[in-house]
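Okay, here's what each chain looks like letter by letter:
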Amino acid sequence: MRVENVEAAIELAADLKARGEYDWFRGQVQCWPPASTLERRLREGSITQDSYIADLGAFIDWAATVPELAYVTQVGGEDAACAILQHHGTPTQYIDFTTEPSIAGFFSADALDAPQPGTESVIYCLQTQDLLRFYEDWKEIQPELQLEAVSIDVSNLWRLQAQHGCFIYANHPWYTIYDLDRIVFPWTGYPAYPQRDQIYPAHKSPLERRLDEYLSVRRRREGLMHARELLRDSPVAWITVTEEAEDTTPVAGQQPAKWPQELLARWTQHAIERFDTTVGPQISLHLRAGPNTPTVGKQVSVAIASMLRKESGLRGRAIDWRFSGSPHAALMATLSEASRTLWNGLRCLPVSDEDLAYALGTLAELYYAKVDGAARWDEQAAGLVFKAPLYVEFANGASVVSRGYCDSVAMREAVSSHWEQALAQGSDAGDVTMTRLLLLNNKPNQVFEFEAFARVFARQIVPSQVALGRDPVLFNPAELSVFGLP
């Protein structure tokens with residue numbers, strides 16, 4: 001089938017779907033065979049079978065440590081695991097399709113650079129039941145051939161939901177056996193709908209933030225492997241360091257207190273949200289300046305606290321915050337993006353409405369501090385917001401590391417009475433600074449009262465991570481295993 005442009009291709013595909021002739025579609029900029037990313041990469045030599053298996057094993061090992069992802073490591077979780085990997089840049093044997101012709105139309109135009117004039121794009125059209133019947137007969141001849149039509153809804157995988165995604169799994173070049181019907185047309189650019197942000201949502205679900213953490217760990221692992229390879233023939237001696245338990249209590253023999261599990265239970269619950277019902281409205285806030293005007297942080301925190309009191313379901317929506325009032329247009333745009341990140345990261349955690357609103361106010365203060373003369377995002381900007389800024393580094397149990405700022409006085413007030421008593425009895429008795437205290441012990445569950453620590457973490461450290469551009473941002477204080485100085 002040949003048409004004149006992508007709009008005509010979408011209309012034809014939609015009509016064929018409505019008539020029941022096809023149910024799955026795949027758009028490509030070029031009329032290449034619909035091979036999996038893994039097949040293409042293996043053929044190109046950019047990866048090897050061994051490196052693919054190693055990457056898959058590393059993901060499964062990591063997923064086993066994440067409670068909301070443990071199911072993908074069990075028998076029957078293979079499709080979910082590969083769907084997650086496929087939609088976040090890891091090659092698999094799964095080939096992307098969609099049930100929506102308009103989305104296939106988007107992908108038929110999606111190119112980093114405009115292709116050469118005369119390039120023909122394609123929308124492949126598939127009738128899944130016909131494909132499966134065809135393979136039932138073919139497997140009698142070659143039973144080793146595997147092919148499945150995989151339709152799966154992975155909880156909180158918003159990118160898959162936004163793309164109405166589905167997959168063909170095959171362990172062989174299936175397209176050389178089964179000839180797909182196709183709609184061919186000259187490449188003329190993107191259709192008016194859907195837009196890129198409807199295909200690749202700017203909002204991230206809790207699962208997708210988890211995946212950012214995994215990708216961070218993977219990049220660090222790959223960087224270390226690359227460094228080892230570069231230095232393989234050098235005289236550098238590599239030393240393997242292992243962590244061993246050590247007594248960091250200032251009084252010998254005194255056992256440190258731990259955060260109670262019943263308190264942490266609320267912080268380990270995982271909400272399941274669907275993309276189409278969660279990504280919600282755009283809310284605009286106009287910030288003003290002038291005599292007797294409160295700080296931008298106060299304006300933002302009061303506004304959001306008021307909205308949270310008025311609309312009980314607001315925290316169940318992924319909101320696009322829009323700010324105006326500053327002559328710095330770029331500031332307003334970046335503050336809007338940063339507020340989206342912070343809102344989505346905190347709204348599902350059991351922080352209070354007051355703390356959530358305060359965190360967004362802190363974020364606005366940090367962004368305005370940059371405009372008000374801070375040379376960089378770090379100490380100067382933090383010094384304009386926090387009375388006694390303290391730069392801290394922390395990590396969770398998955399070895400994801402981040403950094404941020406807090407007010408050292410506020411953090412000092414979160415120290416547990418148990419630890420204060422231990423300090424009073426030890427050799428460090430006296431007025432111990434927060435810096436000295438973190439040098440004595442970097443285990444947050446031994447040093448801090450959880451609720452007080454969580455409040456400072458939400459109000460100050462999370463906003464400063466976002467303002468610093470940390471990627472990923474660590475939002476959940478209950479998951480921290482280390483909290484100390486850089």
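Located above this text is the structure these notes cover.
Remember, predicted model here, so these are calculated numbers, not experimental data.

Engineer: What exactly am I supposed to notice about unusual backbone geometry here?
Structural biologist: Comment: phi is negative for the bulk of residues other than glycine, and the bulk of peptide bonds are trans. Tyrosine 193 connects to proline 194 through a cis peptide bond whose omega is 0°. Turning to its location among the elements, proline 194 is positioned in the loop between β6 (181-186) and α8 (196-199). Residue proline 472 is bonded to the preceding aspartate 471 through a cis peptide linkage, with omega at 5°. Structurally, proline 472 is set in the loop between α20 (450-468) and β11 (480-484).

Engineer: Sorry if this is basic, but what is going on with the packing of aromatic side chains here?
Structural biologist: Two aromatic rings, taken as a pair, are described by how far apart their centres are and by the angle between their planes. Going through the model one piece at a time under the given rule, you end up with 25 aromatic pairs. With 5.1 Å between their ring centres and 40° between their planes, tryptophan 62 and tyrosine 214 make a pair best called tilted. Linking tryptophan 62 in helix α3 (residues 49-63) with tyrosine 214 in helix α9 (residues 206-230), this pair joins segments that are 152 residues apart in sequence. Assessed through its relative accessible area of 8%, tryptophan 62 is described here as buried. Aromatic side chains tyrosine 94 and tyrosine 169 sit 5.2 Å apart centroid to centroid with 50° between the ring planes, which places their arrangement in the tilted category. Taken together, the residues tyrosine 94 in strand β2 (residues 94-98) and tyrosine 169 in strand β5 (residues 165-170) connect sequence positions 75 residues apart. There is no split in this pair, since tyrosine 94 and tyrosine 169 are both buried. Each member of the aromatic cluster is reached from another via a ring pair, and the members are Trp259, Trp267, Phe394, Phe448, Phe450, Phe453, Phe457 and Phe483. Positioned above the aromatic ring of phenylalanine 475 is the side chain of arginine 209, whose terminal nitrogen or guanidinium carbon lies 5.7 Å from the ring centre.

Engineer: What exactly am I supposed to notice about α9 here?
Structural biologist: Three- or four-residue spacings in an α-helix give side chains the same orientation, since the helix completes a turn every 3.6 residues. The terminal C-alpha atoms of α9 lie 36 Å apart, and with 25 residues this matches the ideal 36 Å at 1.5 Å per residue to within 8%. Those residues of α9 that are buried are in contact with α3, α4 (78-86), α7 (158-162), α13 (329-346) and β9 (389-396).

Engineer: Before we go on, may I ask you to explain the nonpolar core in this structure?
Structural biologist: Nonpolar side chains tend toward joint burial in soluble globular proteins. Of all hydrophobic cores here, the largest spans 69 residues; its most connected members are Ile304, Leu346, Phe448 and Phe483. At 10 residues, the largest contribution of residues to this core is made by α20. The residues contacting phenylalanine 483, other than those within four sequence positions of it, are Val392, Glu393, Phe394, Met411, Leu438, Asn441, Asn442, Pro444, Phe448, Phe453 and Ile461. Core analysis: the next-biggest nonpolar cluster, separate from the first, contains 24 residues, Val66, Leu85, Leu157 and Leu160 among them.

Engineer: Sorry if this is basic, but what is going on with the pattern of salt bridges here?
Structural biologist: Any two side chains of opposite charge can pair, given that their charged atoms come close. What the rule picks out here adds up to 22 salt bridges. A salt bridge links arginine 347 to glutamate 273, with the nearest nitrogen and oxygen atoms 2.8 Å apart. In this pair, arginine 347 sits in the loop between α13 and α14 (353-371) while glutamate 273 sits in the loop between α10 (261-264) and α11 (275-278), placing the two residues 74 residues apart along the sequence. One exposure class covers both arginine 347 and glutamate 273, and it is buried. Residue aspartate 355 is joined to arginine 459 by a salt bridge in which the shortest nitrogen-to-oxygen separation is 2.6 Å. Residue aspartate 355 is found in helix α14, and its partner arginine 459 is found in helix α20; the two are separated by 104 residues along the sequence. For the pair shown, aspartate 355 and arginine 459 are each scored as buried. Through salt bridges with shared partners, a single network forms among Glu68, Arg210, Glu213 and Glu479.

Engineer: What is the right way to look at the sheet that holds strand β10 (residues 401-407) in this model?
Structural biologist: Sheet strands associate in pairs through backbone hydrogen bonding, adopting either a parallel or an antiparallel arrangement. Pairing is antiparallel in the open sheet, where 3 strands are placed in the order β10-β9-β11. Sheet topology places β10 and β11 at the edges, where each strand pairs with a single neighbour. Taking the axes of each pair of neighbouring strands and ignoring which way they run, one obtains an average angle of 30° across the sheet. Note: β9 against β11, 4 bridges, orientation antiparallel. Residue pairing across strands places phenylalanine 394 opposite phenylalanine 483, the latter belonging to β11.

Engineer: Help me understand the side chain of arginine 210, please; the structure alone is not making it clear to me.
Structural biologist: Structurally, arginine 210 is set in helix α9. Here arginine 210 is in contact with Trp62, Val66, Glu68 and Glu479, once residues within four sequence places are set aside.

Engineer: Would you mind going over the pairing of strand β8 (residues 318-324) with me for this structure?
Structural biologist: The side chains of a regular strand alternate, first on one face of the sheet and then on the other. Most of β8 is tucked away, with 5 of its 7 residues classed as buried. For strand β7 (residues 279-286) and β8, the ladder comprises 6 bridges, and the chain directions are parallel. Within the sheet, the bridge partner assigned to isoleucine 283 lies in β8 and is tryptophan 321. Taken together, β7, helix α12 (residues 296-310) and β8 form a β-α-β motif whose crossover is right-handed.

Engineer: Which parts of the structure should I look at to understand the packing of helix α1 (residues 6-18) against helix α5 (residues 101-109)?
Structural biologist: Contact geometry of α1 with α5 gives a least axis separation of 9 Å together with a crossing angle of 150°. Relative to α5, the element α1 lies roughly antiparallel. Crossing of α1 over α5 shows right-handed handedness. Along its contact with α1, which presents Val6, Ile10, Ala13, Ala14 and Lys17, the element α5 presents Pro101, Ser102, Gly105 and Ser108.

Engineer: Explanation requested: the environment of alanine 18 in the structure shown.
Structural biologist: The residue alanine 18 is located in helix α1 in this model. Taking the relative accessible area as the measure of exposure, alanine 18 reaches 69% and is therefore exposed. It is 16 Å that separates the C-alpha atoms of alanine 18 and arginine 182, two residues lying 164 residues apart in sequence.

Criteria and cut-off values
Residues numbered from 1 in each chain as written. Predicted model: local features only at pLDDT ≥ 70, side-chain atom pairs only at ≥ 80, totals over all residues. Heavy atoms only, no water. Helix = DSSP H or I, 4+ residues; strand = E, 2+ residues; numbered from the N terminus. Phe/Tyr/Trp six-rings, centres within 6.5 Å; stacked < 30°, edge-to-face > 60°. Buried < 20%, exposed > 50% of the residue type's maximum accessible area, 1.4 Å probe, protein only. Lys NZ or Arg CZ within 6 Å of the ring centre and 35° of its normal. Expected span 1.5 Å × (residues − 1). Contact = heavy atoms within 4.5 Å. Core = buried A, V, L, I, M, F, W, Y, C linked by side-chain atoms within 4.5 Å. Salt bridge = Lys/Arg side-chain N within 4 Å of Asp/Glu carboxyl O. Pairing = 2+ DSSP bridges. Axes fitted to C-alpha atoms, helices over the stretch in contact; angles between N-to-C directions. Right-handed = clockwise from strand over helix to strand, strands pointing away. Parallel < 35°, antiparallel > 145°, perpendicular 65-115°, else oblique. Left-handed = near helix turned anticlockwise from the far one by under 90°.

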